Amino acid sequence: MRLERSLPLLGLLLCAVGTTAQQERKLSSQGEFLVEISGTTVTITCPLEDEGVKWDPSGRRGDIEERKFIIKDHDSTPANLSCSFGNKKRKLYLNARVCANCEELDALTVAGIITADLLITLGVLILVYYFSKGRKGRASAGGDSRPRGPKMQRPPPVPNPDYEPIRKGQREVYAGLESRGF
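This one's a predicted model, so the numbers in the text were calculated from it and none came from an experiment.

Novice: Would you take a moment to explain the overall build of the protein for this structure?
Specialist: Of the regular secondary structure elements, the protein holds two helices and seven strands. Across the protein, helices and strands are ordered from the amino to the carboxyl terminus as α-β-β-β-β-β-β-β-α. Sequence-distant contacts in the protein: of pairs separated by 6 or more residues, those separated by 24 or more amount to 44%. A total accessible area of about 16500 Å² is found for the protein, and carbon and sulfur atoms account for 57% of it.

Quick look at the structure:
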């Protein structure tokens, strides 16, 4: 019983610890590139905080705005990019897959779709439960649709003429057969 009461508290504690760890990870990731993809446009932000960052796109064409390098109509081929300021240099291997017809879904839309699916499933479960509630204890036979009374007697089985039981007085028919030891 105590474990059941402490499970929600444990879940809340895990969520709080996970959120704190993610925030610490964001603070420590200041030295990483930021890559944003929208349709076929890829925007890369250099982690160097200085103005006047120089990009080495290695044969790629793109627009440069402050610390950002913008590739329009990216064709999903891998690329080596680097940004530098003075003697500081950062390199990036870009392997971004893009598509022109893709729709972007934010986290709220995905959460809404999942919630709606769960609610519909729960509704179907409740409907099945209430409609099957009155049928408890009733066993339905596939071909037997006639109602039966309580403890109704069945007629005796039809005898098979090929396998009649041995009756008293007729043992001489089978007397010639010897018993075999198994």
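Novice: Just to check I follow, could you spell out the state of the cysteines for this structure?
Specialist: A covalent bond between the sulfur atoms of two cysteines is what we call a disulfide. Following the criterion strictly, the structure yields one disulfide and no others. Note on cysteine connectivity: Cys46 is disulfide-linked to Cys83, with sulfurs 1.9 Å apart. Across the S-S bond linking Cys46 and Cys83, the dihedral sits near 65°, which makes this disulfide right-handed. Residue Cys46 is found in the loop between strand E2 (41-45) and strand E3 (54-56), and its partner Cys83 is found in strand E6 (residues 79-85); the two are separated by 37 residues along the sequence. Neither residue differs from the other here; Cys46 and Cys83 are each classed as buried.

What counts and how
- Residues numbered from 1 in each chain as written.
- Predicted model: local features only at pLDDT ≥ 70, side-chain atom pairs only at ≥ 80, totals over all residues.
- Heavy atoms only, no water.
- Helix = DSSP H or I, 4+ residues; strand = E, 2+ residues; numbered from the N terminus.
- Contact = heavy atoms within 4.5 Å.
- Areas by Shrake-Rupley, 256 points an atom, 1.4 Å probe, with all protein chains shown as cover.
- Disulfide = S-S within 2.5 Å.
- Buried < 20%, exposed > 50% of the residue type's maximum accessible area, 1.4 Å probe, protein only.

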